[in-house]
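These are the residues of each chain, in order.
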Amino acid sequence: MQEFTPGTVLLDRYRLTSVLGRGAMGHVWQGHDLRLERPVAVKTVATDLLAVPRSRDEALRRFRREAKAAARLHHPNTTTVFDASITDGTCCLVMELIEGTTLEFLFDQQDDGRFDVPTAAAVAAQLCAGLSAAHAAGLVHRDLKTQNVMIRRDGVVKILDFGLVKVLSDTDPRLTMTGESIGNIVCASPELLSGQDRLDGRSDLYAVGCLLHHMLTGETLFATDQPALLASHHLTSPPPAITDVGVDVPRPLRDLVTSLLAKHPDDRPSSAAEVYAALAPYLPAPIPGLAVRPAVPEDPRRPFLVPQGPSPV
């Protein structure tokens, strides 16, 4: 993989300015689109890490195909893909730059490590709104976690990394368990960990259940720092009850989390839209004075009249 430095220009268009994040598979850069003069985010992944050698060509074809599918996805709760290419042994995905912070960071800002019910429901509902559009387009995220959820400064939730994570996880399932941090499987569904060939959107709904449990209790679903043990828990252990933590959560919402965390996909809700509807009763009440303002069809904050995510950063 080519070593990039600040100032490097990719594809004769995108100047890298600073590193936003690092991982085992590559870097995320803040960049600048020289042609349109706008900030962008650029994710770079070495093609050598995409798959075992015998399937690398298929991985590259899949990368191009998935990037095109992700670029056609337009929804307020997903991140827009601007460009994608393979250059100098590196896959590059150019996306909109989100001004805000990750859900992971927001956990550290809570006094007791957890969100109240309306805030947790609002985050999960916006995730389901974005996932519903993605699943309708034939995309399954497969790596939904606190690091891949951004909260914009106006409270809108954005899902990161459609178009690339499916490629990484599909090409060699062993990547899930080798050379990766435990954070990469903290929300992994049983069917993803067992290496099933065909996954659908219900795998992402399991991850939503993991995130909801984390937001409502302040604790990850299975507390361990051992990846193999965590995978085993996802595969075989019943999820801990929210009531065990001593948190006051309405029973229907507790039951929803339990159904999302079912080991078999058929025992979970059938769609993100179904989960969204189940979360609706727990969303924050409209702000007085704003509720009477008519909603504009092009309002980017839909499906809510006002932003219903966590408080602005």
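For clarity, every value in this text was computed on a predicted model and none was experimentally measured.

**Q** Explain the overall build of the protein chain here, please?
**A** Helices and strands together make up the secondary structure of the protein chain, namely nine helices and nine strands. Residues classed as buried in the protein chain amount to 50% of the 313 residues present. Considering only residue pairs separated by 6 or more positions, the protein chain has 65% of its internal contacts joining residues 24 or more positions apart. Carbon and sulfur atoms make up 51% of the accessible area of the protein chain, which totals about 14400 Å².

**Q** Can you walk me through the UniProt feature "binding site: ATP" (unreviewed entry) in the protein chain in this structure?
**A** In the numbering used here, UniProt assigns the feature "binding site: ATP" (unreviewed entry) to Lys43. Relative to the helices and strands, Lys43 resides in strand 4 (residues 38-46). Since its relative accessible area comes to 15%, Lys43 is described here as buried.

**Q** Sorry, what's going on with the pairing of strand 6 (residues 90-96) here?
**A** The two faces of the sheet receive side chains in turn, since in a regular strand these alternate between them. The buried fraction of strand 6 amounts to seven of the seven residues, a majority that puts the element mostly inside the structure. Looking at chain direction, strand 4 and strand 6 are connected through seven bridges and run antiparallel. Bridging from a neighbouring strand, Val42 pairs with Val94 of strand 6. Bridge count for strand 5 (residues 81-87) against strand 6 is six bridges, and the pairing is antiparallel. Across the sheet, Asp83 pairs through a bridge with Val94, a residue of strand 6. Once strand 5 ends, the chain turns through two residues before running back antiparallel as strand 6, passing Asp88 with a positive phi of about 50°.

**Q** Please clarify how helix 8 (residues 251-260) should be interpreted in this entry.
**A** Side chains three or four residues apart in an α-helix point the same way, a direct result of the helix having 3.6 residues per turn. For helix 8, every residue scored as buried is listed here: Leu253, Leu256, Val257 and Leu260. Axial view of helix 8: buried residues confined to an arc of 95°, hence all on one face. Every exposed residue of helix 8 that faces more than 90 degrees away from the buried side is listed here: Arg251, Pro252 and Thr258. Buried residues belonging to helix 8 abut helix 3 (117-136), helix 6 (201-217) and helix 9 (272-279).

**Q** Please explain the confidence of the model for the protein chain as it appears in this structure.
**A** Caution applies to low-pLDDT parts of the model: their predicted coordinates are not meant to be read in detail. Counting all residues, the mean pLDDT for the protein chain is 81, and 79% of those residues have values of 70 or more. Ranking the elements of the protein chain by mean pLDDT puts helix 4 (residues 165-171) last with 47 and helix 8 first with 97. Low pLDDT, under 50, characterises residues 167-180; the predicted model gives this stretch 32 contacts beyond four residues in sequence or across chains. For residues 294-313, every residue scores under 50 in pLDDT, and the model assigns this stretch 38 contacts once sequence neighbours within four places are set aside.

Parameters and conventions
Residues numbered from 1 in each chain as written. Predicted model: local features only at pLDDT ≥ 70, side-chain atom pairs only at ≥ 80, totals over all residues. Heavy atoms only, no water. Helix = DSSP H or I, 4+ residues; strand = E, 2+ residues; numbered from the N terminus. Buried < 20%, exposed > 50% of the residue type's maximum accessible area, 1.4 Å probe, protein only. Contact = heavy atoms within 4.5 Å. Areas by Shrake-Rupley, 256 points an atom, 1.4 Å probe, with all protein chains shown as cover. UniProt positions renumbered as here; feature names shortened; annotations may be inferred. Pairing = 2+ DSSP bridges. Arc of directions from axis to C-beta. pLDDT = per-residue confidence, 0-100.

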